[in-house]
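The lines below spell out each chain.
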Amino acid sequence: MQTAVFPFYTLWRTPFLFDTTIVEIIIICLVTATTFIIILPGIRGKFRTFWLVRVLTSLFIGAVILAVNFTNDWQVGTVNTTTVYKSFSNTMVNASIGMWIGLRGVNITLAGNPVHQLNETINYNERFSWESRIQYDIDYHEGLERGLPSPILYVAEKLNSRSPCTLHQQYCISTYYSSAIMWAAFCFWILSNVLFCMPFLVYGICMLFATAVCIIVSLTSFATVKQAPECSIHFGSTVLHTRFGLSFWMSFATGLLCLIISIILLTIHMRRPSLLRRLFNFKETEELCSNTDKEENSVTEEDKIDTISQML
């Protein structure tokens with residue numbers, strides 16, 4: 001054990017800035033969108049603008065569904081206060097304390113106002129994962145061993161499984177089902193794109209509607225955390241309150257967009273199916289051809305049955 005004043009790190013830890021997975025998703029979507037824009041002049045027909053809008057909208061929906069599984073701002077809260085900085089010390093610092101909750105864990109931040117105080121750089125961003133039941137406790141005990149600042153440990157203790165607050169169990173359950181249902185929405189989104197490329201537009205509309213339903217159900221599952229008994233996180237006279245963050249509202253807007261698009265397409269299909277086929281670059285006679293083929297096959301089967309009965 002070092003004799004220096006806590007907290008200490010054996011090596012300098014770089015604060016968390018962004019998740020590289022989200023950057024990779026954004027880059028892939030931007031490259032795909034750029035590719036479709038480049039090939040747009042080679043597409044014939046009056047509805048190529050609609051085709052571009054459809055592709056970009058679908059990429060946006062897929063990117064949001066995929067990215068929000070890795071973001072950490074489903075629920076956020078920050079507070080500016082003067083608090084104790086180090087364990088077993090009365091030294092006070094003026095800092096901003098934040099809690100950033102995602103589907104895979106929580107990030108607890110501590111940034112000094114100003115950042116350089118007490119001959120130190122006060123800028124921490126520590127992650128505690130709850131992907132499994134015991135992972136959060138493991139991360140918490142590792143933070144105790146490393147000597148994290150007192151405000152971070154205080155907030156992390158409130159979400160511990162042994163805390164009198166029931167937030168840990170509530171978050172673990174709600175985020176688990178929210179993430180699973182969001183992945184189901186991503187699968188339905190893939191199926192809808194595949195079916196829209198085939199002459200099965202009604203099934204594609206149904207899959208898009210299922211995508212919207214899954215997103216809304218996922219948000220509802222995450223919002224059940226608000227129904228848990230409130231456990232206040234006090235720093236002196238101030239309280240750290242949380243609210244729904246950008247990822248939550250982006251998911252809500254995406255689910256609403258999928259719902260509106262599916263209803264519009266279904267209405268067009270019921271009233272003017274020929275227009276819907278033209279919008280998706282299908283010929284009006286494709287379904288007629290398939291119907292006539294089915295009728296011819298049925299006629300030939302009836303002829304075969306008649307000939308067999310005559311032979312008998």
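Rules of the game
Residues numbered from 1 in each chain as written. Predicted model: local features only at pLDDT ≥ 70, side-chain atom pairs only at ≥ 80, totals over all residues. Heavy atoms only, no water. UniProt positions renumbered as here; feature names shortened; annotations may be inferred. Helix = DSSP H or I, 4+ residues; strand = E, 2+ residues; numbered from the N terminus. Buried < 20%, exposed > 50% of the residue type's maximum accessible area, 1.4 Å probe, protein only. Contact = heavy atoms within 4.5 Å. Areas by Shrake-Rupley, 256 points an atom, 1.4 Å probe, with all protein chains shown as cover. Salt bridge = Lys/Arg side-chain N within 4 Å of Asp/Glu carboxyl O. Pairing = 2+ DSSP bridges. Axes fitted to C-alpha atoms, helices over the stretch in contact; angles between N-to-C directions. Parallel < 35°, antiparallel > 145°, perpendicular 65-115°, else oblique. Left-handed = near helix turned anticlockwise from the far one by under 90°. Nonpolar A, V, L, I, M, F, W, Y, C, P; charged D, E, K, R; others polar. pLDDT = per-residue confidence, 0-100.

Labelled according to an unreviewed UniProt entry, the protein appears under the name Dual oxidase maturation factor 1, originating from Eleutherodactylus coqui. The UniProt entry for the protein carries the following text under Subcellular location (unreviewed entry): "Membrane".

Caption draft 1: Spatial organisation of the overall build of the protein. For the protein, the count of helices and strands is nine helices and seven strands. Scored against the burial criterion, the 312 residues of the protein give a buried share of 40%. Considering only contacts within the protein whose residues lie at least 6 apart along the sequence, 65% involve residues at least 24 apart. Roughly 18,100 Å² of accessible area belongs to the protein as shown, and the carbon and sulfur atoms make up 64% of that amount.

Caption draft 2: The pattern of salt bridges, seen in detail. One pass over the structure, following the stated rule, counts two salt bridges. The salt bridge involving K86 is made with E120; its shortest N-O contact spans 2.9 Å. Linking K86 in the loop between β1 (75-84) and β2 (92-101) with E120 in strand β4 (residues 120-129), this pair joins segments that are 34 residues apart in sequence. Under the relative-accessibility criterion, E120 is labelled partly exposed at 24%. The closest approach of N and O atoms between R146 and E126, which form a salt bridge, is 3.4 Å. Here E126 lies in strand β4 and R146 lies in helix α3 (residues 135-146), a separation of 20 residues in the sequence. A residue is classified by how much of its surface remains accessible, and R146, at 25% relative accessible area, is partly exposed. Overall, the relative accessible area of 4% leaves E126 in the buried class.

Caption draft 3: A look at the side chain of S221. Structurally, the position occupied by S221 is in helix α6 (residues 201-223). Look past the residues within four positions of S221 in its chain and what remains in contact with it is S174, Y177 and S178.

Caption draft 4: How the structure looks around unusual backbone geometry. Omega for the bond connecting N113 with P114 falls within 30 degrees of zero, at 5°, which places this linkage in the cis form. Of note, the phi angle at L118 is positive, near 55°, even though the residue is not glycine. In this structure, N119 is a non-glycine residue whose phi angle is positive, near 60°.

Caption draft 5: Local environment of the pairing of β4. The pairing of strand β3 (residues 105-117) with β4 spans nine bridges and is antiparallel. Among the inter-strand pairings, N107 is bridged to a residue of β4, identified as R127. Taking the residues between adjacent antiparallel strands as the criterion, β3 and β4 are bridged by two residues, where L118 takes a positive phi near 55°.

Caption draft 6: Quick look at the sheet that holds strand β7 (residues 243-244). Strand order across the open sheet formed by five strands is β4-β3-β2-β1-β7, with antiparallel pairing between neighbours. Taken across any chain shown, the strands that pair with only one partner, and hence form the sheet edges, are β4 and β7. Contacts from helix α4 (residues 150-158) reach β1, β2, β3 and β4, with the element oriented near 160° to β3.

Caption draft 7: Expanded view of the packing of helix α5 (residues 167-196) against α6. Remark: α5 packs on α6, axes separated minimally by 8 Å, with the N-to-C direction vectors making an angle of 165°. Accordingly, the angle class assigned to the pair α5 and α6 is roughly antiparallel. Judged by the twist between their axes, the crossing of α5 over α6 is left-handed. Residues of the contact of α5 with α6, tallied by class, amount to 20 nonpolar, eight polar and no charged.

Caption draft 8: Molecular detail of the confidence of the model for the protein. Confidence in the prediction for the protein averages 80 pLDDT; 81% of positions are at 70 or higher. Within the model, pLDDT remains below 50 along residues 1-12, and this stretch shows 19 contacts once partners closer than five positions in the same chain are excluded. Within the model, the stretch residues 287-296 combines pLDDT values under 50 with one contact to residues more than four positions away or in other chains.

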